[in-house]
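# Structural features, examined
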Protein chains: 2
Amino acid sequence: MDDARFAWLVLVPQRKDVTEIADLPAPERALLWQEVDRASAVLRLAVPCDKLNLGALGNIVRQLHVHVVARREGDAAWPGPVWGSGAAERYTDEAREALADRLREALRWLR
Amino acid sequence: MDDARFAWLVLVPQRKDVTEIADLPAPERALLWQEVDRASAVLRLAVPCDKLNLGALGNIVRQLHVHVVARREGDAAWPGPVWGSGAAERYTDEAREALADRLREALRWLR
């Protein structure tokens, strides 16, 4: 998520017109949960994280997506949820690339 | 959750001092995701539901818990998240029991 206030991943299964996790076939649902677990582990390895926050809401954007967010005590929305917590602060190109590099490296370590 | 504004389940794995889903052993994590899937199915069967919302936050209450909420368009927090969305409205004893009965019945159907 292009919001420098939080290290925030959004997983978007490549399944057209699916809105609910509950509507995925069971094997795809199991795979999505594995991917959520992996995204959680990647964040904890790559960035400071006092608490993971997971969410699947989709009240506004209906295409199925799952949020995995590394929260820090005292961050811009703490202790509330990140959803609906004010305006995003865009990353600079440099900061975004640096974060993506750290995440990719963590993903390699976890393989 | 004792908040009559939403049909809202909270799953609390019986695992002492665990805060993150990511800290559960893999088989227990897989079981929790199955239970989330089942709670989702129960809600959809038992109550009106335009969108399911799942969340694992725990920023305030650290004991591991997962929220599974049946949302309706136009409900008290729509389209925002239920977390931090104002004061709960307690169920009457009668309404709470009626909802519990519907949920138990749906759970039996799904077995």
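As a reminder, the structure under discussion sits directly above these lines.
This report concerns the structure included in the present document.

## Looking at the packing of helix H1 (residues 26-46) of chain A against helix H2 (residues 93-110) of chain A
Residues and elements named next belong to chain A. Two elements in contact, H1 and H2, have axes whose closest approach is 9 Å; the angle formed by their N-to-C orientations is 115°. Where H1 crosses over H2, the handedness of that crossing is right-handed. Each of Arg38, Ala41, Val42, Leu43, Leu45 and Ala46 in H1 lies in contact with H2, whose residues at this interface are Arg102, Leu103, Ala106, Leu107, Trp109 and Leu110. Here the residues of the contact of H1 with H2 sort into 10 nonpolar, no polar and 2 charged.

## Some thoughts on the packing of aromatic side chains
When we look at a pair of aromatic rings, we describe it by the centre distance and by the angle of the planes. All names here are of chain B. This structure, assessed with the given rule, holds 4 aromatic pairs over all chains. Between the aromatic rings of phenylalanine 6 and tryptophan 8, the centroid separation amounts to 6.0 Å while the plane-to-plane angle is 70°, which identifies the pairing as edge-to-face. Overall, tryptophan 8 belongs to the buried group, its relative accessible area being 8%.

## Examining H1(A)
Its 21 residues give H1(A) an end-to-end C-alpha distance of 30 Å, which sits within 8% of 30 Å, the value for a rise of 1.5 Å per residue. Turning to H1(A), its buried residues are Arg29(A), Leu32(A), Trp33(A), Val36(A), Asp37(A), Ala39(A), Ser40(A), Val42(A), Leu43(A) and Ala46(A). Looking at the buried positions of H1(A), the neighbouring elements they touch are strand E1 (7-11), strand E2 (51-56), strand E3 (66-71) and H2 of chain A together with helix H1 (26-46) and strand E2 (51-56) of chain B.

## A short note on the relation of the copies chain B and chain A
Mapping chain B onto chain A calls for a rotation angle of 180° and an axial translation of 0.0 Å; the resulting RMSD is 0.0 Å. In symmetry terms, the pair is related by a two-fold rotation axis. Looking at the rotation axis and the C-alpha trace of chain B, the residue lying nearest is Gly55(B), at 2.1 Å. The overlap is high: 100% of the interface residues of chain B also sit at the interface in chain A, so the same surface is used on both sides.

## Focus: the interface of chain B and chain A
Contacts between chain B and chain A engage 30 residues on the former and 30 residues on the latter. Among the residues of chain B in contact with chain A, Trp33(B), Lys51(B) and Asn59(B) are the three that bury the most area, contributing 24% of the side total. Across the contact surface, chain B and chain A share 8 salt bridges. For Glu73(B), the salt bridge identified is with Arg62(A), shortest N-O distance 3.4 Å. Linking chain B to chain A there are 22 residue pairs in polar contact (both at pLDDT 80 or more). Among the elements of the structure, H1 and E2 of chain B are those that each provide at least two residues to the side of chain B that touches chain A. Residues that form the side of chain B that touches chain A fall into these classes: 13 nonpolar, 7 polar and 10 charged.

## Points about a nonpolar patch on the surface
All names here are of chain A. On the surface, a cluster of nonpolar side chains totalling about 240 Å² of accessible area is made up of Met1, Val10 and Val12. In this structure, methionine 1 sits in the segment before E1. Classification of methionine 1 as partly exposed rests on a relative accessible area of 45%.

Rules used throughout
As a convention, each chain's residues are numbered from 1 in the sequence order in which they are written. Written order decides the labels, with chains lettered from A and ligands numbered from 1. Reporting in this predicted model follows two pLDDT cut-offs: at least 70 for local features of residues, and 80 or more for side-chain atom pairs to be given and counted; totals over whole chains, interfaces and linings ignore these cut-offs and use all residues. Computation of side-chain values: all heavy atoms of the structure, hydrogens and water removed. To obtain an axis, a line is fitted to C-alpha atoms, over the contacting stretch when the element is a helix, and the angle between two such axes runs from 0 to 180 degrees between their N-to-C directions. Numbering goes from the N terminus for both helices and strands, where a helix is a DSSP run of H or I of at least four residues and a strand is a run of E of at least two. Two helices cross in a left-handed way if the nearer one is turned anticlockwise from the farther one by less than a right angle. They cross in a right-handed way if the turn is clockwise. Residues count as neighbours in contact if any of their non-hydrogen atoms are within 4.5 Å of one another. Residue polarity is assigned by list, with Asp, Glu, Lys and Arg as charged and Ala, Val, Leu, Ile, Met, Phe, Trp, Tyr, Cys and Pro as nonpolar; anything else, Gly included, falls into the polar class. Aromatic pairing here means that ring centres of Phe, Tyr or Trp (its six-membered ring) are within 6.5 Å. Orientation follows from the plane angle: under 30 degrees is stacked, over 60 is edge-to-face, and everything else is tilted. For every residue, the accessible area obtained with a 1.4 Å probe (protein chains only) is divided by the maximum for its type, and the residue is called buried under 20%, exposed over 50%, and partly exposed between those limits. Here, expected helix span is obtained from the residue count minus one, scaled by 1.5 Å. Least squares is the method for superposing the copies, and the C-alpha atoms it fits come from residues with pLDDT of at least 70 in both. Summed over both partners, the accessible surface that disappears when two parts come together, traced with a 1.4 Å probe, is what is meant by buried area. We define a salt bridge as a side-chain nitrogen of Lys or Arg found within 4 Å of a carboxyl oxygen belonging to Asp or Glu. We call two N or O atoms a polar contact when they sit within 3.5 Å, provided that within protein one can donate a hydrogen and the other can accept it, with sequence-adjacent residues counted only if both atoms are side-chain atoms. Patches here are clusters of residues that have more than 30% relative accessible area and form no salt bridge, with a 9 Å joining cutoff for like charges and a 5 Å cutoff for nonpolar side chains (Val, Leu, Ile, Met, Phe, Trp, Tyr). Residue exposure ignores everything except the shown protein chains as possible cover, and the areas themselves are Shrake-Rupley values with a 1.4 Å probe.

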